[in-house]
Every structure is written in structure tokens, then in C-alpha cells.
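Residue-level listing of the chains:
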Amino acid sequence: MTALDRKLWRDLWQLRAQMFAIMLVMACGVATYIMFSSTLDSLQESRNDYYLDYRFADAFVNLKRAPQAVGERLAEIPGVKIADTRVTAWGSVDLPDFPETITALLTSLPDDGPALLNDLYLREGRSIEPGNDDEVVIDHSFATAHGLHPGDELPVIIKGKRRVLTIVGTAMSPEHIYQLRPGAFFPDELRYAVMWMARTPLGYAYEMKGAFNNVAFRLDGSRSVEEVIDHVDDVLAPYGGLGAYARADQLSHKFLSEEFKQLDTITNIFPVIFLGVAAFLLNIVVNRLVTTQREQVAVLKAFGYSNAAIALHYIKLVLVVVAVAVLVGVVAGVWLGRGLSSIYLGFYRLPYLMFVLRPVLVTNATLFTAAAASLGTLLAVRAAARLRPAQAMSPEPPARYRETLFERIGFKHALAQPTRMIFRHIGHRPFKSALTVLGIALAGAITTTGLFQGDTVGYMMDIQYNVASREDMSLSFTEPSSDRALYELASLPGVEHGEIFRNVPVLLRHEHRSHRTSIRGVESGNQVKRLLDVELRPIPIPADGVLLTDYLGQMLGVQRGDTLTVEVLEGNRRSYQVQVAGLVKEYLGTFAYMDITALNQLLQEGRAISGVWLAVDAEAYADLHSRFKGTPRVASVVERTQDMENFTRIMEETMLYIAFISTVFSCIIAVGVVYNSARIILTERSRELASLRVLGFTRGEISYILLGELALLTVTALPLGLWLGYALCGYIASTLQNELYRVPLIIDTETYAFSAAVVVAATAISALLVRHKLDKLDLIAVLKTKE
């Protein structure tokens, strides 16, 4: 071991507390990077493997009804490798022990074998055997939620007729990784059941004998997806085709892909912040270390050590810290990544998780951390390396303190001598004091970023469910119905008020931009379903034109007064030119809104509706659910309180889990930053404070001088930290904007208070530790020092 190596280990031991704090800060950055990156890689690998093994389709289309012979024409379209025709049906499940309405989506399986596309991953039991018309395979999550197993009987209502089916297996499908019933924003395994039956019995039950109403496609790549979709739409137009769409627009895949984008965004934010703070902190510590060892550096240079050798020595010192930080961070990141991945599996129905830790992630974490730490070290070593040996061996010239501006304006005699010392020391080194303030402020800012996501969740829930959508029940019909249904529903006991809506699938075009969504026709003067402007004030629905959610307007590049091309994807499939009447504020989904009368006139289809929003007396829920279970045209019943519960559950399991981890790491960083700042101040002033002790100052007085400086810097840093926290949260919120949801920048007062409390607590803890060091100042060494 060389002399420099022995010096390295001695320095590490002397600075063990400070280096441990820095190591924890770096480990937090590495852990967040590994956690998010490994979770993203694992989910993507698992999804891709699942899609491949179980033949997830490349394109889909729904239609009213077509004879089976049309399926042969679809298979002959250039670019189509497989055209798997199916029957899909809406129904309900009548579980005797569950009083609420359970929506069921039934999909046909071939009578004599597995599905050509979107095959089933069996979790329990078996698939349907040929000739057994009363067998059904149900989704595993629904079965688990209700305690159902193969062999149990399941009463299902299809087209108003009740049938008792026998469960033969539970399964999962790549087509239903994310499961949403009509009218809901979030999965609900208790009230939504995906099922599979043999083609023949389901065709008889849903009046689809010898016909189909759904097709899944596997493409061969010889034609673009858009070309194939156009050809499919041309073939199915006479049969009520609702517009073919690619895998990218398939609901389940789209939700999962957007989640992956958000994970990727977060991966590029939090680790950079954490590691940036760690590098900044390390630069300050190493800079002070080199400054205190200037005489040692001079001796080393006098004995022939080059500047490069000395710089390498200090770089090796920080690389030891980096190595430990990376090791701890990787282990913690893998553990946290497995936990986060299991949470995602709770509502994304992947049958298995292939947890992946790519070596490149560890390499990237190591290189990034080492580069950040080494850069800070090189900047610190550069100044000392430039000194000549004779100059470096001389002690630094004594500081020249002057009256501060605060004293010159008349407060000199109002301040005690120790207080003047505090102000003069800060004023003597304003740049270093500013760096300390910045470091403490960043600690508070990071704590704010860990908590603000919880604030946004509560705010989004309040706006969505208490301001905009205030209905107690939302009914969606299997197909458009007459508006007379409202009067039938309004006459039911317990129904206090009802409002109709019409959903029409459309493709919106403006210049070169397009987006597939739906236009929702609503009545003017709604009371339970209200549209809000960008200031979150209720606005009336205009008699003409279309309202777009603000995010949809950005996607299409339109503003009020612009003209949109609206291509209707059902019925006559015509295109219309519609003027944009304004923008509305919504945090969930991307919809367009029109007056329902104007929409129906545009479509030339009379007073058709797709569903009803109801205000219901709380005591009538059970009776209404019992009535809706057997209603053939009711596809789904969603209670507002249920959706709120699902919203809260999903957000708590994902976003708030991430927020919790970020908050814990932020608190660690806050303690590390403030403690190191306190130790640096102590190192800089130890000789001065020891000299004051020799001159007769008490321990309390010198503690006041040192800790008072730390307190003053902390108080100065608090408002800056709150502002930086707001700025960082604003940047994070700006990255969490997509067509599924938009996260607003909402920070509660309690979040700011907690952030400030963490910094104050970290300061108090650091003060106690530094006070212990103050009591051990070596007064004899000070008396022996030659100036």
C-alpha cells in the first residue's frame, strides 16, 4: 500500500460521518434510478413476452353484425395474415351474495380449439371442451375478488335471459391487461367480469348464429397498418363497422403504454435531482478538505508527487464513497423495484413478472455517480494543485473582518458581540455562505417534490367527482336507445333526477393531426354533469359547435373558432365540418362535447341516447341494482363512490407509494445536506472558536456563535427552498401530462410546512451533533499553533 493510499484511508476515517451522509444521498439517487428503471424494464419485458406467447392481435374492429362469409373476405385483404372473427356480448352476473350490478363482457372461443389470436393464459382449471355449451372461463382477477373456482356455478344474464354456467377455468388475456367497464375511469374487479364461452352457445344467446361482431387481426407487415385499416373499414361499412383501429389505440395496450411513458419520465427526474445534490454536496466537502490539507499537498508536491497524482488521490477517495453508494443503492433499488412491480401487477393483469436488472443499468448508475462526484472533486483539487509548495506550506493569511451593511445602517450597538461575529463571518465569505444556503434550500425543495403528488391526487378527485361529475349512478346502454328511457328511469323509486348523454366514436382531424375519441352529447343546463372552463367555472353547452378538453385541443392544435373534421365511426360513417366553440378543463380522459340535440341532428338519428346520469337517494341503491341486473340494454352501472374508491386505491398503490419513497429519501438528503453544512462550518471555524475559548468565552457562547450561524443560514434557506420546491414540482407536473390523465400543480400549505419542518429538524439534529464536537475542541493545539 502506497503512502497516498494510507493517507486516503485515514482521511476517510476522519471524515466518516460526513462521507456516510454523502454516501446515503448518493445511494438514494442510485436506488430511485434502479427502482424505476428495473420496474419499467421488467414490465415491458413481461408484457412483450406475454404478447408474443399468447398472440396478441395487431388490429381490431367492432361492428353491428356480419355473416361469417365476410370473415373470409377480411382474411384475403393484402397485409392480413390472420382474421379471427368473434362474438362479443354484454351481460351481467347475478351473484346472490353480491347485491350490486356486475357488468360482464363475454367473448367467444372457437368450438374446437384455442383462439387463433389473444389466447388465454389459464391460471386454474381448463379451457372449454367441445360440445359443452354451459361452460365458461372467467377472468382470474374477478374470480379471486369473489372467491370463485372451477366447478362453481355462475348465473349470467345475456339479452335478458338468465343462464347458469359452470366455471371450468380462470384465465388472463393479453387483450385485457387493463380492464375498464363502460362509464368507468378505473378498473374494478368486483363489478366487472371478463368471460369466455364457446362460439356456438354464445352466438345463440346473443342472436349471432352464423355471424360475428368483432374481429382481431394479425398483420404480415407487407402493408402499413393504416392501409389495412382503410380496407377493413371499406369491407365492413355495410355491416355497421365502428372503425378498425391498431394495437396502439387498443384500450388496454394504450393505458399500459402511457404508464410506461410516465415511468420513463420519472426515471429521468428524481435520480438526476438526488445525484445532482450529492455531487454539489461532495464538491463542498472535498473543497474544504483540500483547503485544510494545503500544507499536506505542498509537502507531497515538494517530495515529487505530480498534480495528476494528487488529483487522482482525492478522486480515489470519492470513488470509494461512490462504490459503497452504488452497492447500497443497487440492493435497495432492486428491493424497491420488486415492490413497485408487484403493485403494478395488482391492477395491470399480467400473469407473471419477469423481473429484469440489466447490467447496463448498474453501469449507467456507476458511471453517472462517479462522473458527478469526480467533477466536483476535480474542481476542488484544481485550486490547491496550482499552489507552489512554498506558498502552500504557509498558513492562509488571517481573515480581515469588516463591519457588515447591517451594522453600518445603525444596528451595530443593538447587537451583542457574538451576534456581530456571526454576521461578519457570513459577510466575510458570502459565496460559501450562499452555497450553504443553496444546499439547505435544495434539501427542502426535494422534500416538497416527494409530497406534492399526494396533494394533486386529492385535488383531482375533488374536481372530478365533487365539482364536474356529481351523479350518483351512471348507466351505459349496450346500444343507442330512445330518450324515453330517461322517463322510465326517472319514475323508479329513489331516482331524484336524471340527465341523458350520447357517446359517438369519432376520429377528429385538424390539418395533419388526428385523434380517435368520442363526442359526448349532453343537455344544456345539466346539474349533475357539469363542464368547466379553464378557470374551473361551470359553463353552458353551446347550441352549435363542439367543446374540447384543453389537452385534446393542444393535441390537435386548435383553438376556439377553428374548424375540425369529424369522421363518425358508426352508422353512416360520414365526415362533418364542426367549429370549435371552446375548451373545457378536465384532468381525466380526452373527450369532445356537443349539445345532444345538435349532435343527433348532425347524425340524423333522432333522440338517441347512450346512457343516463342519475341522482339517487342513498337508500335506493340496492333496489336499483336489483332492477338493473336483469335489464338487457344496460351494459354497465357505475356508482360515483365506487369510482372514487378505485381512484383512491390505484393512486395510493402507485403514485403515493412513489411519493412515500421519495419523501423518505428526501428526508435523508435533508439531514445529509444540513449535517455536512454544519460540519463544514465547524471545520472552518474550529481554530477561531478554540481561540475564543482560550480567551475566556464560555462553551455556551461559542456554541451560540457557531450554531447561530447555522440557524441564520437555515432561516435564509427556507423561503428559497419553498420556491425551488415549487419550481421542481412544476417541472414534474409538466411531464405528467397525457391523454389519459393530467397532473396539475397543486401544493398544499401542509406540504410546505412539512418540508420546512424537515429542514428545521435536520438542523436541530445536526446542531446537537456539532455541539458534541464543540465540547471536544483541542485548546492545547490552538495554543501551539504558529501564525
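Basis of the calculations
- Residues numbered from 1 in each chain as written.
- Predicted model: local features only at pLDDT ≥ 70, side-chain atom pairs only at ≥ 80, totals over all residues.
- Heavy atoms only, no water.
- Helix = DSSP H or I, 4+ residues; strand = E, 2+ residues; numbered from the N terminus.
- Buried < 20%, exposed > 50% of the residue type's maximum accessible area, 1.4 Å probe, protein only.
- Contact = heavy atoms within 4.5 Å.
- Areas by Shrake-Rupley, 256 points an atom, 1.4 Å probe, with all protein chains shown as cover.
- Pairing = 2+ DSSP bridges.
- pLDDT = per-residue confidence, 0-100.
- Axes fitted to C-alpha atoms, helices over the stretch in contact; angles between N-to-C directions.
- Parallel < 35°, antiparallel > 145°, perpendicular 65-115°, else oblique.
- Left-handed = near helix turned anticlockwise from the far one by under 90°.
- Salt bridge = Lys/Arg side-chain N within 4 Å of Asp/Glu carboxyl O.
- Polar contact = N/O pair within 3.5 Å; in protein donor to acceptor, adjacent residues only side chain to side chain.
- Patch = residues over 30% accessible without salt bridge, like charges linked within 9 Å, V, L, I, M, F, W, Y side chains within 5 Å.
- Lys, Arg positive; Asp, Glu negative; His and termini not counted.
- Charge placed at Lys NZ, Arg CZ, Asp CG, Glu CD.
- Core = buried A, V, L, I, M, F, W, Y, C linked by side-chain atoms within 4.5 Å.
- Phe/Tyr/Trp six-rings, centres within 6.5 Å; stacked < 30°, edge-to-face > 60°.
- Lys NZ or Arg CZ within 6 Å of the ring centre and 35° of its normal.

Visitor: Tell me what's going on with the overall build of the chain, and back it up with residues and numbers.
Guide: Helix and strand counts for the chain come out as 24 helices and 22 strands. Burial analysis of the chain (787 residues in total) assigns 56% to the buried set. Taking the contacts inside the chain whose residues are at least 6 apart along the sequence as the reference set, 82% of them involve residues at least 24 apart. Carbon and sulfur atoms provide 56% of the accessible area of the chain, an area that totals close to 33300 Å².

Visitor: Hey, could you go over the sheet that holds strand 10 (residues 211–219) for me, with residue numbers and the actual values?
Guide: Across the sheet, four strands lie side by side as 2-10-1-11; this open sheet has antiparallel pairing. What marks the edges here is a single partner per strand, and that holds for strand 2 (80–86) and strand 11 (245–246).

Visitor: Can you tell me about the pairing of strand 9 (residues 192–198), naming the residues and giving the values?
Guide: Within strand 9, seven of the seven residues are buried, leaving the element largely enclosed by the surrounding structure. Looking at chain direction, strand 4 (residues 102–109) and strand 9 are connected through seven bridges and run parallel. Among the inter-strand pairings, Ser108 is bridged to a residue of strand 9, identified as Met197. Here strand 6 (residues 135–139) pairs with strand 9 via two bridges, running antiparallel. Bridge pairing in strand 9 links Val137 to Trp196.

Visitor: Give a description of the environment of Ile440 that names residues and reports values.
Guide: With respect to the element layout, Ile440 can be found in helix 15 (residues 430–468). Its relative accessible area of 1% is what places Ile440 among the buried residues. Ile440 sits 281 residues away from Gly721 along the chain, and the two C-alpha atoms are 7.4 Å apart. Sequence-distant contacts of Ile440, that is, excluding residues within four places in its chain, are made with Val673, Val674, Ser677, Thr714, Ala717 and Val759.

Visitor: Which residues make up the confidence of the model for the chain, and what values go with them?
Guide: In this model, the chain carries an average pLDDT of 82, and 89% of its residues clear a pLDDT of 70 or more. Averaged over each element, pLDDT in the chain is lowest for helix 13 (residues 405–411) (55) and highest for strand 10 (94).

Visitor: An account of the packing of helix 3 (residues 68–75) against helix 6 (residues 225–236) is needed here, citing residue identities and associated values.
Guide: Close contact between helix 3 and helix 6 brings their axes to 10 Å; oriented N to C, the two are set at 155°. As summarised for this structure, helix 3 and helix 6 are arranged roughly antiparallel, according to the angle between their axes. The crossing of helix 3 and helix 6 is right-handed. On the side of helix 3, the interface is formed by Val70, Arg73 and Leu74, while helix 6 contributes Val232, Val235 and Leu236.

Visitor: Break down the pattern of salt bridges for me, with residues and values.
Guide: Proximity of charged atoms lets side chains of opposite charge pair with each other. In the structure shown here, the tally under the stated rule is 20 salt bridges. Here Arg86 makes a salt bridge to Glu175, at a shortest N to O gap of 2.9 Å. Of this pair, Arg86 sits in strand 2 while Glu175 is found in the loop between strand 8 (161–172) and strand 9, placing the two residues 89 residues apart along the sequence. Between Glu511 and Arg513 there is a salt bridge whose closest N-O contact spans 3.7 Å.

Visitor: Can you lay out helix 18 (residues 596–603) for me, pointing to particular residues and giving the numbers?
Guide: Within the sequence span of helix 18, burial applies to Ile596, Ala598, Leu599, Asn600 and Leu603. The elements touched by buried residues of helix 18 are strand 13 (495–510), strand 14 (513–522), strand 18 (563–568), strand 19 (575–584), strand 20 (592–595) and strand 21 (608–616). For helix 18, the side-chain oxygen to backbone nitrogen distance between the N-cap and Thr597 is 3.1 Å, and the N-cap itself is Asp595.

Visitor: Provide a residue-level description of a negative patch on the surface, including the pertinent values.
Guide: A surface patch of like charges, here negative, comprises Asp111, Asp112, Asp133, Asp134 and Glu153. Residue position: Asp112 is located in the loop between strand 4 and strand 5 (121–125). Of the residues examined, Asp112 reaches a relative accessible area of 69% and is grouped as exposed.

Visitor: Got a sec to walk through the side chain of Asn526? Specific residues and values, please.
Guide: If you trace the backbone, Asn526 turns up in the loop between strand 14 and strand 15 (531–532). Take Asn526: its relative accessible area is 15%, and that puts it in the buried class. A distance of 3.5 Å separates polar atoms of two side chains, one belonging to Asn526 and the other to Glu499. Setting aside its immediate chain neighbours within four residues, Asn526 contacts Glu499 and Trp613.

Visitor: With reference to specific residues and values, describe the nonpolar core.
Guide: Counting 98 residues, the largest nonpolar core has Phe36, Phe274, Leu340, Tyr344 and Phe647 as the members making the most contacts within it. Each residue touching Phe36, except ones within four places of it in the same chain, is listed here: Leu263, Ile266, Thr267, Phe270, Leu340 and Ile658. Among the nonpolar cores identified, the runner-up in size contains 26 residues, and Leu95, Ala104, Phe142 and Met195 belong to it.

Visitor: Any details on the environment of Leu43? Residues and values, ideally.
Guide: Considering the arrangement of structural elements, one finds Leu43 in helix 2 (residues 16–53). Taking the C-alpha atoms as reference, Leu43 lies 7.5 Å from Met354; in sequence the two are 311 residues apart.

Visitor: Provide a residue-level description of the packing of aromatic side chains, including the pertinent values.
Guide: Scanning the entire structure with this criterion turns up twelve aromatic pairs. A centroid spacing of 5.7 Å and a plane angle of 45° characterise the contact between Phe56 and Phe60, whose relative ring orientation is tilted. By relative accessible area, Phe60 is classed as buried at 1%. Geometrically, the ring pair formed by Tyr344 and Tyr348 is stacked, given 6.2 Å between the ring centres and 20° between the ring planes. Comparing Tyr344 with Tyr348, the two get one shared label, buried. Above the plane of the ring of Phe355 lies Arg338, whose end atom (NZ or CZ) is 4.4 Å from the centre. Seen from the ring of Phe591, Arg520 lies directly overhead, with NZ or CZ sitting 4.8 Å from the centre.

Visitor: Mind laying out the environment of Ala441, listing which residues take part and the relevant values?
Guide: Looking at the element boundaries, Ala441 is found in helix 15. The spacing of Ala441 and Pro719 is 278 residues in sequence and 7.8 Å in space, taken between C-alpha atoms. Ala441 has contacts with Ala717, Leu720, Gly721 and Leu724, leaving out every residue within four places of it along the chain.

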